[in-house]
Structures are given as C-alpha cells and as structure tokens.
Amino acid sequence: MKLTLRIWRQKSPNDQGRLVSHQLDDVSEHMSFLEMLDVLNEKLLAEGQEPIAFDHDCREGICGTCSMVINGVPHGPERATTTCQLHMRKFRDGQTITVEPFRAKAFPVIRDLVVDRGSFDRVIQAGGFISANTGGAPDANAIPIAKGEADVAMDAAACIGCGACVAACPNASAMLFVAAKVVHLTHLPQGQPERAARVREMVRTMDAEGFGYCSNHFECEAVCPKEISGRFISELNREFRELFWRGKS
Amino acid sequence: MAVDTHALNAGIPSGPLAEKWDRHRFEMKLVNPANKRKFDVIVVGSGLAGASAAATLAELGYNVDCFCYQDSARRAHSIAAQGGINAAKNYQNDGDSIYRLFYDTVKGGDFRAREANVYRLAQISTQIIDQCVAQGVPFARDYGGLLDNRSFGGAQVSRTFYARGQTGQQLLLGACQALARQVGAGKVKMHERTEMLDVVLVDGRAAGIVTRDMVSGEIRSWSANAVILATGGYGNAFFLSTNAKGCNVTAAFRAWKKGALFANPCFTQIHPTCIPVSGDYQSKLTLMSESLRNDGRIWVPKQPGETRAPGQIPEAERDYYLERRYPSFGNLSPRDIASRAAKEVCDEGRGVGPTGLGVYLDFADAIQRLGRNVIEQRYGNLFQMYERITGEDPYAVPMRIFPAVHYTMGGTWVDYNLMSTIPGLFVLGEANFSDHGANRLGASALMQGLADGYFIIPYTLGNYFASQAPPRVGTDHAEFRGAETAVRERIQKLLSVNGSRSVDTFHRELGLALWTGCGMARNATGLKQALDRIPALRQEFWEDVNVVGGGEELNVTLEKAGRVADFLEFAEVMCLDALTRGESCGGHFREEHQTEDHEAKRDDENFCHVSAWEYTDIDTAPKLHKEPLVFEHAKPSQRSYK
Ligand SMILES: Cc1cc2nc3c(=O)[nH]c(=O)nc-3n(C[C@H](O)[C@H](O)[C@H](O)COP(=O)(O)OP(=O)(O)OC[C@H]3O[C@@H](n4cnc5c(N)ncnc54)[C@H](O)[C@@H]3O)c2cc1C
Ligand code: FES
C-alpha cells in the first residue's frame, strides 16, 4: 500500500515543533505500525536525514513504552491494542495518517514522538505500593483471598502505565492510572494497612504533577489498550471520599 | 588458543548439599546496621533481578543508585514474561520438593550447571512466592482462595505460579513498587534513560561506572563501594529474537573487556513456539506461550513442496513428527528438542507458510474434543494476539509457528556469591551464567532473577563489604577520567564514520550469520564460516556505518550503533565457544555429536565443565578457563524423552 504520513517533528523540548509529510510506497499489510516507521526511518537515513525518534521496547503490548497518537487516537484505531501491536492491515491504501506524541502538561515532549512520563513514576513512589520488606513474609497461602477479589485486583493490575488514558482525556487527567493501582492494592488483604495513606498521597502527587481533574468523559477507558475499566475511577472516588469523612470525624 | 588449566574457584561452601547455603550464611560476615548507610551501591538494571536487589539493599540501609535505559524502571524486559514462576511449594501435594526442583533443573540443563547453586535456587524458590504475595502480586487462585498452580514446560508436577498470561509483568510491578517505595524514601536514586557504557576499576576492584544520559548526551562517572550488573541477556545478538528491542550485551561486554570472565556464551535457548517471520521488515519475534502445546498438535505435510491449504491435506498425508519421534512426551517435548525437530522438517522442505519456515500448531482436534468454548477460555487472549499479528483466525486455520531465539543461559561468570572475577562486581539475573546449565526450564528465569536479587545478593554483598572494606574512590580519580575519555572517543568515532549503511542493516546481517552458523544446530564448518564473516563485517561497520545526528542529544541511531558495535565483537566469542565445545548438550547441538537417532550426545569425559573466556585484546583470541563441574547427587544421564 501507499501512504502519506504526517509526523510530528520536534528537535528538543523548547523547539516549536511541526508536522512533516512523508510518502511511503511499499507498505505491506503484515507490517506492524512500528515496523512501518522503521522502514520510513531507514529511508530517511538513506537520504541523510535524521530518523523520527519514538519510544518502544517490547513490541508485544506489555511494557507500555510505545506511545503515539495516530489519527487523533492514542495507540490508533484498533480497540484494546497498543501501537506496537497495531498492524497496517487496519489502514487503507492511499490513506493519510497523522502521528503525534501523547500530549499533556505532565508529559512534556522530549523529541519528536518521545515524551517524559516520569510523573507517573512519582505518583507510584508517593504510595502505590505495599510496604513489605524482603524476608518477613508469612507463607503465601496463610491468607486465602477470594477468587473474585483476586480477579478484580488482577484486572486493575493489568495496567501497563503507557499514559494513553492521559493523552485521551480532555483534561489530561491521570485518574484511570491512579485508580488502577489503588483498586489493585485495595482488593487485597495485604493492601489494607496503608489503604488511606496510599489514596491520599497518590492523589496529592497526581495533582502536584499537573494532571487535570476528571469530568467523566471516559475517553480514557475507550483508548486503554488493556481495557482497564472506568468503574475503577468511581471506586477511587469512593476511597477518597471516605478519607475525607474519616478526616472530619 | 590459550587454555588456562588453573581451575576457577567458585567458592562453593563445604558440607552436605542441603546445608551449604545455611552454613555459608552463618559463616559470612555481617555489616553492622549502623554502618550500612556508609556504603554506596550501583545497580545497573531494573528488571526482576535489578529491581529486587536495589529495593532490598535499600531496605537494609545501603545507598543505592539504580540505572536503566528505559524511561521507567517498570518497563524492563522482565515485564514480557508470560508463563509463570516455579517454586517448590508442593501446595498441590503432587510429589514436588526442593530436591525434585533441584534435580529437574540440573537434568533440564543437561548437567552443565553447578549443583550447589541450583540447590540453593530451589531452596529459595518458596520464599520468593511468600515475598511476592506480601507485596500484592495477584497470582491466580482457586475457588477456595488458595494459590493455583500449573504444570509448565513438560514438568511432571504442578509447581508453576502464574498471574494470567502476565506473570513477568506482575512480578516486576511488585519489585518495582518495592523499589518506588525506596525511591520515595530517598534510599534509592533512580536514573532512567541512562545507559552504562563502561565499568571502572581502581586497584583491580570495581569502583564505579560511566554512563551516557540518553536525553542530554552527558557522559558522566558514578562511584560506589560495589557495582551490580543486572542487565539481562544477549539474545538480540541474533537481531531477531523474542527479547525487547533494547536488550543488549553492552554492560556485560564492557565488564568482559575490563577482565570479568564470560561463561558459556554459546548456550542460547531457542523457543519452539513463536510467530514466524513475515517479511524482511520484521523487527522482532513474538512468543506464543508454550502452554499452547498442551492442546495443539504440531505437524507438517509428509510431502516436501506441498502446496495445498492445511485443511485440504488428508490425515494420512500429515506428519505429527513430535508425536511420532517422542511418543511419551509428544507435543510437550522440551524446548530444545521441539525446536530442533521443527528445523529438521523445514530443512527437508516440508515447512509451511509463505517462507517455508514454519510448522502447523493445530487445534482442530482439541476444538472437536473439548468444544470451542473450552479452547477460548484456555487460550482466548493468545488466539487474539495471534490473529492481531498474522490476520489469520486460529480457530479456523492451524497456527503457524517457528522457533526463535529466546533466552541466553551463558553470561558473566560468577562465583557462589554471584561475584565476577572482578572483585566488587556482582552479576545477577539473566546476565550471569549461574543456574541453568545448557538449557533453561520454563518458568525458571523469573525464579532465578528474584532469588538473586531478594535473597542472595543482600547477604553476599554484605560479606564483601564486611570482609574486604572496599574503599569508595572519588570520580575525579584518573581511572574514571580515562574511562570517560575512552567513552567519548568511541562515540565520536561512531559519529564520524559517515558511511553509507544503516546500523540496522549491519545488525540484521550479523543476526543472520549467527543464526546460520551458531543457531539451532551447529557444525565446525558453519562456525568457522561465521568466525570468518564476523570480523569482516565488523570492519565494514567501522568503515561504512552511517550514524546521523550528534552526541549531545537524544540520538536513537547512536544508541543502536554502540550496542551493535559490541554485538559485532561479542558474536565472535559465541562462535568460538560453540566451536570449542565439541559435544552436544542442551541448546548447544553440534551436528558432529549426535546419537544414531539424531539426539544430542554429551561428552562428559571432556566437556563436563564451564567454559569461561578471558578477554586478551581485539586481535588475539580470548583465553579459555575451565571450571570443572562435579555431580555428586544428580548423576549425569542421557536425557531421553522418547
Ligand atoms: C517473551 C518472553 C517470555 C518469557 N517468559 C518467561 C516465563 O514465563 N518464565 C520465566 O521464568 N522466564 C521467562 N522469560 C525469561 C525472563 O523474562 C528473563 O530471563 C528475565 O526476566 C530477565 O530478567 P533480568 O532482571 O535478568 O533482566 P531484564 O528484565 O532484561 O532487565 C535488564 C535491565 O537492565 C537494564 N540495562 C540493560 N543494559 C543496560 C545498560 N547498558 N545500561 C543501563 N541499563 C541497562 C535494562 O534497562 C533493564 O532494566 C521470558 C522471556 C521472554 C523474552
Ligand atoms: S513497545 Fe511495549 S507496549 Fe508497545
């Protein structure tokens, strides 16, 4: 297939940045989206131009590194699919494809399609964990956990931290990301002792990092490559409200 | 080639096998709790091994600097592991024990691993599961709320713990959350997008590292009382593998050049069930979980050059070659055996798919027997992934699979304390060579990475500090300055070649040379050809590679070029090791050494040792050291899966 690609080029954080058009004539429908970009980059190199910088690593849809907005949608048109797992058969011959970085105040652009998502890590560092020093753990089967609860914890823990939810949200909110971690740990008995502090610290850091508020658009859920449920956000809100009431009493 | 006959000293504790680790823990020296904050540790790598080590060492009170090349610790390659993690819990009451896990691992490794290390690994395995559950890893559970297990990779007992098809992800998130907690507490400083480019020795000890900031390009030194490498495996030497794109040998290779011996570089694992290559743009290979072999039947047409669609080929004209050759293990034969068998049928011209490099993995019988529902429940997400990548519906047409490079058993040589031959340089996880011999069993890499990081290094590092009191040298020391200069010069050299070929074309060509000469089956002629080709390719690289952009910016081409330059040297050591090991064992199959029915033939008389290679200089062959392996408990026998 033949494609026209309009790709965001930005040399550095302070550079203005702009969309640059490229033609690609020999795209196979079996290529992944990133392989198509590899081919384009080889072409650019052959012409003595600098290749397009983009983040990627596992190319299996699990590390959460790949991060681009394809025709206005984070990770592109296929449901529940990361950019690296998206294949060119989802596009038409002759199509124009626009590729931009994830955009959010809390995700500054570093170069081209590469952004800095360090803010996510800082939210986890504030409380997205269970404090269990190595060595002191009781036998793994000492506390049975109902299968249903363990399954909910796993549904939430499946988040790959890619940031598509933030990129899709009109407010650039990180609520789905934070909710996923809070729900994961809240549904486990091991997560109880730090339950309140976790929610408080994670939400506080989320705000401080410049993520926006949630106004229930649920664009996040729609683009999430791991189909993390928007319901988790209500659960996070409930946890947060409880914290508030407990604080009052 | 020089051979050093002085045996390497692995420092294995004396005493009965089951007591060695306990005894050693008692005999090792301890660092006073108040003194731990006086020691600084560098951990390179944030995968299972690195993250668990960094977090645990910080919990103990050491000051840790942790480095990774990704933009977040949580994205390390360990995240991609699917199947599970082994532990000798015997929760299923089906006859598992520490001794059985030990025995299976030694046998699975084709008697090329150290008994004492493997026994310790089996002992520690149970604590790992306890630790992970305490951290909140959501392992699969049964309806009673207890942990579920499955049998994996042909094991006779169900000892594999799993979290859906995302076990690596969940274990890594557990470890990275423990790490995040220490970052929040100020005990670990995390350096993302920072690549280690050299290790620095002062007075023969590891004193620090030199890194490049992958965003600003800044070259910088870091000093510490000890350095830990947990930088993963080198499967990407082959270009195409199931590894993440950034996996590299650079850290281990730099250490090699500074004097750390490298053990068994030719021991690589080829996984039998991956999605075949679809075209010359292919950038990586995707693993399809081994569990598919529980219900799928593997076959190829009997006739070479068959052109009919799979559904049109009658039963009588199909060859279910694994079932035919290995009636008792059939489709569940171990990885190395299943991979080699696939290669053989493809070599005979019976391979399927557009390239002829593929075999069918067929679920038609299973769907008929169990119903589509059951198959969907068991493998739904895998089938989806397959369809996403290939555009074919595996419920209707058989999957096509082919073996792919997956894991590297070889790695930096370490002693029982996980210390390399450079004092103060410790190596953990896939980056070391220690526990899997010539073939790794499924679900054992995760176990080893976490054993190393959570439960071994915290003790052995303390012992190093307490018994040797290594000083902390400032980064203004001449050795650091010299190393920084060398790193800068090399980058400058890469940038100034200004040739006509891209880095990827060299990497692909190297990969093909390795796959052909040092892949699933090896012979002296092919290895010698590879050994001729690789240095020539390396020379072409340094004369004709095209690295655009500058050094002081985010430059993906430059990053790749540095890694490929190292692979181009390292690949030669792999081939040399493969040529020197004149026997077949595990994943290392030398065609000259096979039984009458084409099975691997070990030579215990001449090769019951670890081959550890020492760097001399680029123009002379490395020097071979041998660490003899002694088997007192698991007696070497011919592996048979007939
Ligand atoms: C697709 C797939 C599935 C697998 N499934 C299983 C399974 O089910 N069970 C199992 O037991 N094993 C499995 N394995 C194997 C297992 O995942 C790995 O062996 C293991 O995770 C390696 O962990 P590690 O911590 O040693 O290294 P990695 O996870 O590879 O981490 C390496 C770290 O080092 C850093 N690094 C590397 N080089 C540098 C450098 N130069 N400078 C700075 N940082 C650097 C990286 O950033 C990263 O943080 C699988 C492997 C693959 C590829
Ligand atoms: S590259 Fe890992 S999820 Fe896309």
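As the structure is a computational prediction, the values presented were derived from the model and not from experiment.

**Student:** Describe in detail the overall build of chain B, supporting the description with residues and values.
**Tutor:** A tally of helices and strands in chain B yields 16 helices and 20 strands. By its C-alpha atoms, chain B is 75 × 60 × 50 Å across when sized along the principal axes. Expressed as a percentage of the 642 residues in chain B, the buried residues total 65%. Contacts in chain B between residues far apart in sequence, at least 24 positions, make up 73% of those at least 6 positions apart.

**Student:** Report on the packing of aromatic side chains, specifying residues and quantitative values.
**Tutor:** The geometry of an aromatic ring pair is captured by two quantities: the separation of the ring centres and the angle between the planes. Residue and element names in this part refer to chain B. Per the counting criterion, the structure on display carries 34 aromatic pairs over all chains. Measuring from centroid to centroid gives 5.7 Å for Y234 and F262, while their planes differ by 65 degrees, and the two rings are edge-to-face. Here F262 lies in strand β11 (residues 262-263) and Y234 lies in the loop between β10 (226-229) and α6 (250-257), a separation of 28 residues in the sequence. Comparing Y234 with F262 shows no difference in burial state: the two are buried.

**Student:** Explain the domain arrangement of chain A to me, using residue names and the numbers behind them.
**Tutor:** All names here are of chain A. Domain boundaries assigned for chain A yield domain 1 (3-110) and domain 2 (117-246). Domain 1 and domain 2 are separated by 29 Å when their C-alpha centres are compared. Contacts between the two partners involve 21 residues from domain 1 and, on the opposite side, 21 residues from domain 2. Here domain 1 meets domain 2 over a buried area of about 1500 Å², counting both sides, of which 62% is carbon and sulfur. For the domain 1 face of the interface with domain 2, the top three residues by lost area are P74, A106 and F107, together amounting to 33%. Summed over the shared surface of domain 1 and domain 2, the number is 2 salt bridges. For R79, the salt bridge goes to E227, with nearest N and O atoms at 3.1 Å. The interface formed by domain 1 and domain 2 includes 5 residue pairs in polar contact (both at pLDDT 80 or more). Class assignment for the residues of the side of domain 1 that touches domain 2 results in 10 nonpolar, 7 polar and 4 charged.

**Student:** Could you give an account of helix α5 (residues 175-186) of chain A, naming the residues involved and the relevant values?
**Tutor:** Its 12 residues give α5 of chain A an end-to-end C-alpha distance of 16 Å, which sits within 8% of 16 Å, the value for a rise of 1.5 Å per residue. The buried fraction of α5 of chain A is high, at 12 of 12 residues.

**Student:** Please give an account of helix α3 (residues 147-157) of chain A that cites residues and values.
**Tutor:** For α3 of chain A, the set of buried residues is A150, A153, M154, A156 and A157 of chain A. With its buried residues spanning 165 degrees around the axis, α3 of chain A presents them on a single face.

**Student:** So, empty space enclosed by the protein: which residues are in play, and what are the values?
**Tutor:** All names here are of chain B. All told, the structure shown has 14 cavities of 30 Å³ or more when counted by the stated rule. Here the largest cavity is characterised by a volume of approximately 870 Å³. Along the wall of the largest cavity there are 49 residues; nearest its centre are H77, S78, G232, G233 and E430. Listing elements by their share of the lining of the largest cavity, those giving two or more residues are α2 (48-60), β7 (194-202), α6, β16 (399-408) and α11 (445-468). The element best represented in the lining of the largest cavity is α11, accounting for 4 residues. A per-class count over the lining of the largest cavity returns 19 nonpolar, 24 polar and 6 charged.

**Student:** How would you sum up the site of ligand 1? Please name residues and give values.
**Tutor:** Around ligand 1, the surrounding shell holds 38 residues, and the nearest of these are S46, Q70, S78, G83 and E430 of chain B. In this structure, ligand 1 is bordered by residues of chains A and B. Within the backbone of Y69 of chain B, an N or O atom sits 3.1 Å from an oxygen atom of ligand 1. One of the backbone nitrogen or oxygen atoms of L446 of chain B is found 2.8 Å away from an oxygen atom of ligand 1. Surface burial for ligand 1 is 98%, taken as the share of its 1000 Å² of free accessible area covered by protein chains. Mapping ligand 1 onto the cavity grids shows that it belongs to the largest cavity. Of the residues forming the shell around ligand 1, the biggest block, 3 residues, is contributed by β7 of chain B. Across the shell around ligand 1, the residue classes break down as 16 nonpolar, 18 polar and 4 charged.

**Student:** Give a description of the sheet that holds strand β8 (residues 205-213) of chain B that names residues and reports values.
**Tutor:** All names here are of chain B. Taking strand neighbours across the sheet as the criterion, the 3 strands line up as β7-β8-β9 in an open arrangement whose pairing is antiparallel. The open sheet is flanked by β7 and β9 (219-223), the only strands paired with a single partner. Taken pair by pair, the neighbouring strands of this sheet meet at an average axis angle of 30 degrees, ignoring direction.

**Student:** Can you break down the environment of I375 of chain B residue by residue, with the values?
**Tutor:** All names here are of chain B. Considering the arrangement of structural elements, one finds I375 in helix α10 (residues 372-390). On the basis of relative accessible area, I375 is assigned to the buried category, the value being 0%. As for I375 and Y395, which are separated by 20 residues in sequence, their C-alpha atoms are 8.9 Å apart. The contact partners of I375, leaving out residues within four places of it in the chain, are D295, A366, I367, L370, G380, F383 and Y395.

**Student:** Please give an account of the environment of A524 of chain B that cites residues and values.
**Tutor:** Residue and element names in this part refer to chain B. By the secondary structure assignment, A524 is in helix α14 (residues 524-544). In this structure A524 comes out as buried when scored by relative accessible area, which is 19%. Sequence spacing of A524 and L172 is 352 residues, and the spatial spacing of their C-alpha atoms is 41 Å. Apart from residues no more than four positions distant in its own chain, A524 is found in contact with L579, R590 and E592.

**Student:** Describe the packing of helix α3 (residues 98-108) of chain B against helix α4 (residues 115-135) of chain B, and please don't skip the residues or the numbers.
**Tutor:** Residue and element names in this part refer to chain B. At a minimum axis separation of 8 Å, α3 and α4 run at an interaxial angle of 135 degrees. On the basis of the axis angle, α3 is oblique to α4. When you trace α3 past α4, the crossing you get is right-handed. Contact residues: I98, Y99, L101, F102, T105 and V106 in α3; E115, V118, Y119, A122, Q123 and S125 in α4. Taken together, the residues of the contact of α3 with α4 break down into 8 nonpolar, 3 polar and 1 charged.

**Student:** Any chance you could break down the side chain of H588 of chain B for me, citing the residues and the numbers?
**Tutor:** Residues and elements named next belong to chain B. Relative to the elements of secondary structure, H588 occurs in the loop between α15 (556-580) and α16 (604-607). Given the relative accessible area of 0%, H588 is considered buried. One polar contact links the side chain of H588 to the main-chain carbonyl oxygen of E583, over a distance of 3.2 Å. Discounting residues that sit within four places of it in the chain, H588 has contacts with C266, F267, R522, A578, R581 and E583.

**Student:** I'd like a rundown of the interface of chain A and chain B, residues and numbers included.
**Tutor:** Size of an interface, as often reported, equals the accessible area lost when the parts are brought together. Contacts between chain A and chain B engage 73 residues on the former and 73 residues on the latter. Between chain A and chain B, the buried area comes to about 5900 Å², and carbon and sulfur atoms account for 51% of it. The interface formed by chain A and chain B includes 8 salt bridges. The shortest N-O distance in the salt bridge between R111 of chain A and E553 of chain B comes to 2.7 Å. Where chain A packs against chain B, one counts 47 residue pairs in polar contact (both at pLDDT 80 or more). Of all the secondary structure elements, the ones that give two or more residues to the side of chain A that touches chain B are α1 (33-46), β6 (109-111), β7 (114-115), α2 (118-127), α3 and α5 of chain A.

**Student:** Describe the state of the cysteines, and please don't skip the residues or the numbers.
**Tutor:** Residues and elements named next belong to chain A. On inspection of all chains with the given rule, the structure shows 0 disulfides over all chains. In this structure C220 is a free cysteine whose sulfur lies 6.5 Å from that of C214, the closest cysteine sulfur available. Look at C220 and you get buried, because its relative accessible area is 10%. This cysteine, C224, is not joined by any disulfide, and C162 carries the nearest cysteine sulfur, 6.4 Å off.

**Student:** Summarise the domain arrangement of chain B; cite the residues concerned and give the values.
**Tutor:** All names here are of chain B. Entries for chain B in the domain assignment read domain 1 (274-404) and domain 2 (478-611). Here the C-alpha centre of domain 2 lies 30 Å away from the C-alpha centre of domain 1. Taken together, the contact pairs 11 residues of domain 1 with 11 residues of domain 2. Of the roughly 870 Å² buried at the junction of domain 1 and domain 2 (both faces included), carbon and sulfur atoms supply 53%. For domain 1, the biggest contributors to the area lost against domain 2 are D336, R340 and K343; these three give 50% of the whole. When the shortest N-O distance is used, the salt bridge between R325 and E599 registers 3.7 Å. Linking domain 1 with domain 2 are 4 residue pairs in polar contact (both at pLDDT 80 or more), by the criterion used here. Contributions of two or more residues to the side of domain 1 that touches domain 2 are made by α8 (335-347) and β16.

Parameters and conventions
- Residues numbered from 1 in each chain as written.
- Chains lettered and ligands numbered in written order.
- Predicted model: local features only at pLDDT ≥ 70, side-chain atom pairs only at ≥ 80, totals over all residues.
- Heavy atoms only, no water.
- Helix = DSSP H or I, 4+ residues; strand = E, 2+ residues; numbered from the N terminus.
- Buried < 20%, exposed > 50% of the residue type's maximum accessible area, 1.4 Å probe, protein only.
- Contact = heavy atoms within 4.5 Å.
- Phe/Tyr/Trp six-rings, centres within 6.5 Å; stacked < 30°, edge-to-face > 60°.
- Domains from an automatic or database assignment.
- Buried area = accessible area lost by both parts, 1.4 Å probe.
- Salt bridge = Lys/Arg side-chain N within 4 Å of Asp/Glu carboxyl O.
- Polar contact = N/O pair within 3.5 Å; in protein donor to acceptor, adjacent residues only side chain to side chain.
- Nonpolar A, V, L, I, M, F, W, Y, C, P; charged D, E, K, R; others polar.
- Expected span 1.5 Å × (residues − 1).
- Arc of directions from axis to C-beta.
- 1 Å grid on protein atoms, 1.4 Å probe; cavity = no way out; pocket = protein on both sides within 12 Å on 5 of 7 lines; lining within 4 Å.
- Points joined across faces, edges and corners; volume = space filled by probe spheres on them.
- Near = heavy atom within 4 Å.
- Areas by Shrake-Rupley, 256 points an atom, 1.4 Å probe, with all protein chains shown as cover.
- Sits in = over half its atoms within 2 Å of the grid points.
- Pairing = 2+ DSSP bridges.
- Axes fitted to C-alpha atoms, helices over the stretch in contact; angles between N-to-C directions.
- Parallel < 35°, antiparallel > 145°, perpendicular 65-115°, else oblique.
- Left-handed = near helix turned anticlockwise from the far one by under 90°.
- Disulfide = S-S within 2.5 Å.

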